[in-house]
Amino acid sequence: MSPALDLNVLSLAEKDALILAQAERLSAQAAQITALRAQIAALEAKLGQPPKTPDNSSLPPSKGEKANRAERRAKRRQSHPGVARALTANPDHVVEAYADTCPHCAHTLSQADQPEVLVHDHIELPPIRPVITRIHRHRGLCPTCQGRFCAPAPPGLEAGSPFGPGLCALVVHLHATQAISFERLARLLDEVFGLTISEGALVNILARAKAPLVRAAEPIAAAVRQSAVVGSDETTARVAGKTWWQWVLLCSTAICHVIVPSRAAAVVEDFLDGHRPQIWVADRYAAQIGHGAARQLCLAHLLRDAQYAIDAGDSLFAFGFILLLLRAIAIGRRRPILKDNTLQQYQADLERRLDRLLSGPPPDTPAAGRLFNAMRRDRNDLFRFITRRDVPYTNNACERALRPSVIFRKVTGCFRSQWGAEVYAAAASVIATGRLHGLTALQAMTNALAGKPIMPVAA
């Protein structure tokens, strides 16, 4: 503790300097107190808002807290006929089993005594082992010109990597689709297939697969660009220790993934390369605006926004808006059985209901007020899907397309290099588009590595 200052020994100038320093100190403390009070007020206002949950925001279900289910007494279920596995249409082997003697009296039986047949299948996997082909390329000395020669390798068995296209397709499929890391993948190939491959060799397989996968993804991207209706969404990805973004852009026949270090609208502009679809289906994120001649907002996102407004205290506008959206979704689900003029009448009715909902004053609560003003601005983007049968009323297809990538991100921790992200984006495009056309993930990957088309070739 410093000793008390004796003011009597100070000169007038020293006393004035001391008073000035104390005044500056008090002024700084007052400014700090003002800043802390403002921060406390902001935190108190934030605590007063309802929490973000998967039901009222874009938080994924994994971030929500599920309530414990109440104990309930199990109801007695009515019995129903059992269902057995269907018999295989074309079994590889058929075993005829006959009884030698009667189990009751030991009488010797013949095949004629056993006309009835009880059939069941027995399924087993054969031993799995790699097929290794060794190539002997003979060489020698030409007896005519004395020149040395060497026989060329048969097609498909050229020197270089010892791993064939089928094995490479399986490796990429297991890594990209099943989210198996290189360490676990090397162990799986050894224990299940009896094939020893180092982690470095697996990395080289993926690196060599980049070029054919990128080529296979090019017509997929072109199909999305040329489509009249395009949906889009994005999620985070980690590349080389930095936050990047994985975009998905899709249409009814193709799904294209792009992983880039930006979430800006320029990503979509670069992808479209001057093309402009008729309808753009997306949420209300600013970077998703202005890419199509018209826009269809995702009604699922609007339902969650309206639920958040209700949780924040609004009981009029948000509740009526939810009922209106649910009515529109119900009409959208019935579009296949409704006539065009009926859909036009439904759309006009929805517009009238929306007029009445937006004709009043803005709600008092901030969350509902923001939603109210946004719907006044974007009201023309709500019900385009009613009369356009090819337009979905949500961008759920984009979210489903991104779900495997989110799982991959959580399991593997994402990508250590940019080329790894590019390989995964191309593989995800090939696999998702192949499934749209009835191909399994392994079939789509095999076709891509072999240079075969993933989508039907236009006549």
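Residues numbered from 1 in each chain as written. Predicted model: local features only at pLDDT ≥ 70, side-chain atom pairs only at ≥ 80, totals over all residues. Heavy atoms only, no water.

A.B. asks: Help me understand the overall build of the protein, please; the structure alone is not making it clear to me.
C.D. replies: The number of helices and strands found in the protein is 12 helices and 7 strands. For 459 residues, the compact-globule formula gives about 23 Å, and the C-alpha radius of gyration of the protein, at 34 Å, lies well above that figure. Principal-axis analysis of the C-alpha atoms places the extent of the protein at approximately 125 × 75 × 60 Å. Residues classed as buried in the protein amount to 33% of the 459 residues present. (Helix = DSSP H or I, 4+ residues; strand = E, 2+ residues; numbered from the N terminus. Rg over C-alpha atoms; globule rule 2.2 N^0.38 Å. Buried < 20%, exposed > 50% of the residue type's maximum accessible area, 1.4 Å probe, protein only.)

A.B. asks: Help me understand the nonpolar core, please; the structure alone is not making it clear to me.
C.D. replies: Burial of nonpolar side chains together is a common tendency in soluble globular proteins. Residues Leu213 and Ile259 are the most contacted members of the largest nonpolar core, which totals 63 residues. Ranked by the residues each element gives to this core, the list is headed by helix H4 (residues 199–226), at 11 residues. Excluding residues within four positions of it along the chain, Ile259 makes contact with Ala237, Val239, Trp244, Trp245, Gln246, Phe415, Ala421, Tyr424 and Ala425. Core analysis: the next-biggest nonpolar cluster, separate from the first, contains 37 residues, Ile322, Leu325, Leu343 and Phe383 among them. (Core = buried A, V, L, I, M, F, W, Y, C linked by side-chain atoms within 4.5 Å. Contact = heavy atoms within 4.5 Å.)

A.B. asks: Got a minute to help me understand the environment of Leu358 in this structure?
C.D. replies: Checked against the element boundaries, Leu358 lands in helix H8 (residues 340–358). Overall, Leu358 belongs to the buried group, its relative accessible area being 7%. Considered as a pair, Leu358 and Phe372 are 14 residues apart in the sequence and their alpha carbons are 7.3 Å apart. Dropping the residues within four chain positions of it, Leu358 is found in contact with Phe317, Phe372, Met375, Arg376 and Arg379.

A.B. asks: Even after reading the chapter, I still don't get helix H10 (residues 396–412), so can you show me in this structure?
C.D. replies: Each α-helix turn comprises 3.6 residues. Residues three or four places apart therefore point the same way. With 17 residues, H10 should cover 24 Å at 1.5 Å per step; its first-to-last C-alpha distance of 25 Å lies within 8% of that length. At Leu402, H10 shows its maximal bend, which comes to roughly 30°, and the proline Pro404 appears one to four places after that position. The set of residues buried in H10 consists of Cys398, Ala401, Leu402, Ser405 and Phe408. Summarising the contacts, the buried residues of H10 are in contact with helix H2 (165–176), strand E3 (229–239), strand E4 (242–250), strand E5 (255–260) and helix H11 (418–436). (Expected span 1.5 Å × (residues − 1). Bend = angle between axes of the 7 residues up to and from the residue.)

A.B. asks: Could you clarify how one ought to interpret the side chain of Ser232 in this entry?
C.D. replies: Secondary-structure assignment places Ser232 in strand E3. There is a polar contact of 3.4 Å between the side chain of Ser232 and the backbone oxygen of Val248. Filtering out sequence-adjacent residues up to four positions away, Ser232 remains in contact with Trp247, Val248, Leu249, Trp280, Val281, Ala282, Gln288, Asn395 and Cys398. (Polar contact = N/O pair within 3.5 Å; in protein donor to acceptor, adjacent residues only side chain to side chain.)

A.B. asks: Can you help me understand the pattern of salt bridges in this one?
C.D. replies: Side-chain pairing between opposite charges can occur once the charged atoms of the two side chains come close. Within the structure shown, the criterion is met by 16 salt bridges. Between Arg327 and Asp349 there is a salt bridge whose closest N-O contact spans 3.2 Å. Placement of the pair is Arg327 in helix H7 (residues 317–333) and Asp349 in helix H8, with a sequence separation of 22 residues. For Arg327, a relative accessible area of 31% gives the class partly exposed. Note on Asp349: relative accessible area 16%, which makes it buried. Between Asp381 and Arg384 there is a salt bridge; the shortest N-O distance is 3.2 Å. Classification of Asp381 as buried rests on a relative accessible area of 11%. Residue classification places Arg384 among the partly exposed residues on the basis of a relative accessible area of 26%. Put simply, Arg295, Arg377, Asp378, Asp381 and Arg384 are held in one network by salt bridges that share partners. (Salt bridge = Lys/Arg side-chain N within 4 Å of Asp/Glu carboxyl O.)

A.B. asks: Help me out: how do you make sense of the side chain of Arg379 in this one?
C.D. replies: With respect to the helices and strands, Arg379 occurs in the loop between helix H9 (366–378) and H10. In terms of polar contacts, Arg379 uses its side chain to reach the side chain of Glu351, at 2.7 Å. When neighbours within four sequence positions are excluded, Arg379 is seen to be in contact with Glu351, Leu354, Asp355 and Leu358.

A.B. asks: I would appreciate a short explanation of the packing of helix H6 (residues 299–311) against H7 in the present structure.
C.D. replies: Geometry of a packed helix pair, given as the angle between the helix axes and the separation of the axes. Running from N to C, H6 and H7 cross one another at 160°; their axes reach a closest spacing of 9 Å. Between H6 and H7, the interaxial angle falls into the category roughly antiparallel. Between H6 and H7 the crossing geometry is left-handed. From H6, Leu299, Leu302, Leu303, Ala306, Gln307, Ala309 and Ile310 reach across to H7, where they touch Ala318, Phe319, Phe321, Ile322, Leu325, Leu326, Ala328 and Ile329. Partitioned by chemical class, the residues of the contact of H6 with H7 number 14 nonpolar, 1 polar and no charged. (Axes fitted to C-alpha atoms, helices over the stretch in contact; angles between N-to-C directions. Parallel < 35°, antiparallel > 145°, perpendicular 65-115°, else oblique. Left-handed = near helix turned anticlockwise from the far one by under 90°. Nonpolar A, V, L, I, M, F, W, Y, C, P; charged D, E, K, R; others polar.)

A.B. asks: Please explain the environment of Arg403 as it appears in this structure.
C.D. replies: Along the chain, the position of Arg403 falls in helix H10. Sequence separation of Arg403 and Pro152 is 251 residues, and the distance between their C-alpha atoms is 47 Å.

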